[in-house]
Amino acid sequence: MLSRVADSIYWLNRYIERAENVARFIDVNLKLIMEMPIGLAQWEPLIMTTGDLSMFQTRYGQATAENVIHFLSFDPKYPNSILSCLRAARENARSIREIISTEMWEQINSFYLFVQEAATKQSSSEMHHEFFAEVKIASHLFAGIMDATMTHNEGWHFGQVGRFLERADKTSRILDVKYFILLPSVKDVGTTLDEVEWMSLLKSASAYEMYRKTGQHRITPTQVAEFLILNREFPRSIQFCLLQAERSIYQIAGTPSGTWTNPLERTLGQLRSELDYLTIEEIIQSGLHEFLDHLQQRLNDVGDKIFQTFFTLE
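Residues numbered from 1 in each chain as written. Predicted model: local features only at pLDDT ≥ 70, side-chain atom pairs only at ≥ 80, totals over all residues. Heavy atoms only, no water.

A.B. asks: I'm lost on the overall build of the chain in this one. Help?
C.D. replies: Along the backbone of the chain there are 15 helices and 0 strands. The C-alpha radius of gyration of the chain comes to 19 Å, within 12% of the 20 Å expected for a compact globule of 314 residues. Taken along its principal axes, the extent of the C-alpha atoms in the chain is 55 × 50 × 35 Å. Relative to all contacts within the chain whose residues are 6 or more apart in sequence, the contacts with residues 24 or more apart total 65%. Summing over all exposed atoms, the chain offers an accessible surface of approximately 14700 Å²; the carbon and sulfur share of this is 52%. Taking the average place of the 30 positive charges on the side chains of the chain and the average place of its 40 negative ones, the gap between the two points comes to 2 Å. (Helix = DSSP H or I, 4+ residues; strand = E, 2+ residues; numbered from the N terminus. Rg over C-alpha atoms; globule rule 2.2 N^0.38 Å. Contact = heavy atoms within 4.5 Å. Areas by Shrake-Rupley, 256 points an atom, 1.4 Å probe, with all protein chains shown as cover. Lys, Arg positive; Asp, Glu negative; His and termini not counted. Charge placed at Lys NZ, Arg CZ, Asp CG, Glu CD.)

Spelled out as structure tokens, the structure:
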């Protein structure tokens, strides 16, 4: 497979997954606002978790709901907004029209046009909820159509790698949203308000029902973090995503499982195997935010190694 084609399929899937997860970021805050006492709503933490706070402050100033939602959803100059991600995904799909299925192209095109039209409308809070729900559904539709209409060859596996690495990164950032949303005082930790915030976080990752089905009767920070980081069966947990990405990398390279032949396989294998033997107590002891921050850096390193191994010209 041509490096150009592999690169386009990889980024096509990353951008669509990124758009979905930006919608999840905003959705978790909208849900929290409905549950929190008046005056405690915060929007700046969402920008802080993206790492683009300085860009936002330069262009928008105050972190109001309207400013943050527009920046993350519809700002054409912000490369990680939902609109920008869909535009980039559509351009990648256009460049490989002969490789992807017609149904995939039609879904990407309609997805982009839907977001573009929404960007021109004045939105109420109720319309925001509907819009972000539609973004998540459109992303799921694309993933399902790709799985059902594209041959599961090298190209499909590159798409899987892009999707699951992006998802692992964004699940870590959704967890980090809770870290940045400061409670009024330390005494609120462990109270009903704290539990409501963790419940909203689970819902934003579509994880609430599956978390309950594990037999957990209470929602505690430790158990929620363990489920979203270390669970090997839930499809949005970080460990599950790394397992899937590693399997596809082995399929692409033809490397026997449990071995490595290049720096990418070694880097990803080390990260995945470390999570195999970590306990949530060790993660909490080292600091959840610090762990997630370091994990995001290592996922970026995996992304760099993918580029060096498969996409860059010698």
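A.B. asks: Got a minute to help me understand the side chain of R173 in this structure?
C.D. replies: In this structure, R173 sits in helix α8 (residues 154-180). Within the structure, the side chain of R173 is placed 2.9 Å from the side chain of D169, a separation counted as a polar contact. R173 has contacts with F25, T49, T50 and Q296, leaving out every residue within four places of it along the chain. (Polar contact = N/O pair within 3.5 Å; in protein donor to acceptor, adjacent residues only side chain to side chain.)

A.B. asks: Just checking my understanding: could you explain the packing of helix α13 (residues 263-277) against helix α15 (residues 288-311) for this structure?
C.D. replies: For any two helices packed against each other, one specifies the inter-axial angle together with the distance between the axes. The contact between α13 and α15 brings their axes to 8 Å, and the two run at 155°. Between α13 and α15, the crossing angle belongs to the class labelled roughly antiparallel. Here the hand of the crossing between α13 and α15 comes out left-handed. Counting all contacts with α13, which are made through P263, L264, T267, L268, Q270, L271, E274 and L275, the residues of α15 involved are F291, L295, R298, L299, D301, V302, K305, I306, T309 and F310. For the contact of α13 with α15, the residue count by class is 11 nonpolar, 3 polar and 4 charged. (Axes fitted to C-alpha atoms, helices over the stretch in contact; angles between N-to-C directions. Parallel < 35°, antiparallel > 145°, perpendicular 65-115°, else oblique. Left-handed = near helix turned anticlockwise from the far one by under 90°. Nonpolar A, V, L, I, M, F, W, Y, C, P; charged D, E, K, R; others polar.)

A.B. asks: Looking at this structure, how should I read unusual backbone geometry?
C.D. replies: Both trends apply: most residues other than glycine have a negative phi, and most peptide bonds are in trans. Positive phi is not limited to glycine here, since S206 has a value of about 50°. A relative accessible area of 41% places S206 in the partly exposed class. (Buried < 20%, exposed > 50% of the residue type's maximum accessible area, 1.4 Å probe, protein only.)

A.B. asks: So what exactly am I meant to see when it comes to the pattern of salt bridges here?
C.D. replies: Should the charged atoms of two oppositely charged side chains come close, the side chains can pair. Tallied over the entire structure, the rule returns 18 salt bridges. Note that E20 and R24 form a salt bridge whose closest N and O atoms lie 2.8 Å from each other. Here the residue E20 and the residue R24 both occupy positions in helix α1 (residues 3-35), the gap between them amounting to 4 residues, near one helical turn. Classification of E20 as buried rests on a relative accessible area of 1%. Exposure remark for R24: the relative accessible area of 1% places this residue in the buried category. (Salt bridge = Lys/Arg side-chain N within 4 Å of Asp/Glu carboxyl O.)

A.B. asks: Honestly, the confidence of the model for the chain in this entry has me stumped. Any pointers?
C.D. replies: Segments scoring low in pLDDT should not have their predicted coordinates read at a detailed level. Looking at the chain, the pLDDT average stands at 88 and 91% of residues meet or exceed 70. Of all helices and strands in the chain, the one with the weakest mean pLDDT is helix α9 (residues 192-204) (79), whereas helix α5 (residues 82-95) scores best (97). Residue range residues 182-186 is modelled with pLDDT below 50. Its contacts to residues more than four positions away, or to other chains, number 9 contacts. (pLDDT = per-residue confidence, 0-100.)

A.B. asks: Help me understand the packing of aromatic side chains in this model?
C.D. replies: One pair of aromatic rings is described through two measures. These are the centre distance and the angle between the planes. On inspection of all chains with the given rule, the structure shows 15 aromatic pairs. With a centroid separation of 4.0 Å and 20° between ring planes, the pair formed by F71 and Y78 is classed as stacked. Grouping residues by exposure puts F71 and Y78 together as buried. For the pair F158 and F311, a centre-to-centre distance of 5.7 Å together with 45° between the ring planes defines the contact as tilted. Residue F158 is located in helix α8, and its partner F311 is located in helix α15; the two are separated by 153 residues in the primary sequence. (Phe/Tyr/Trp six-rings, centres within 6.5 Å; stacked < 30°, edge-to-face > 60°.)

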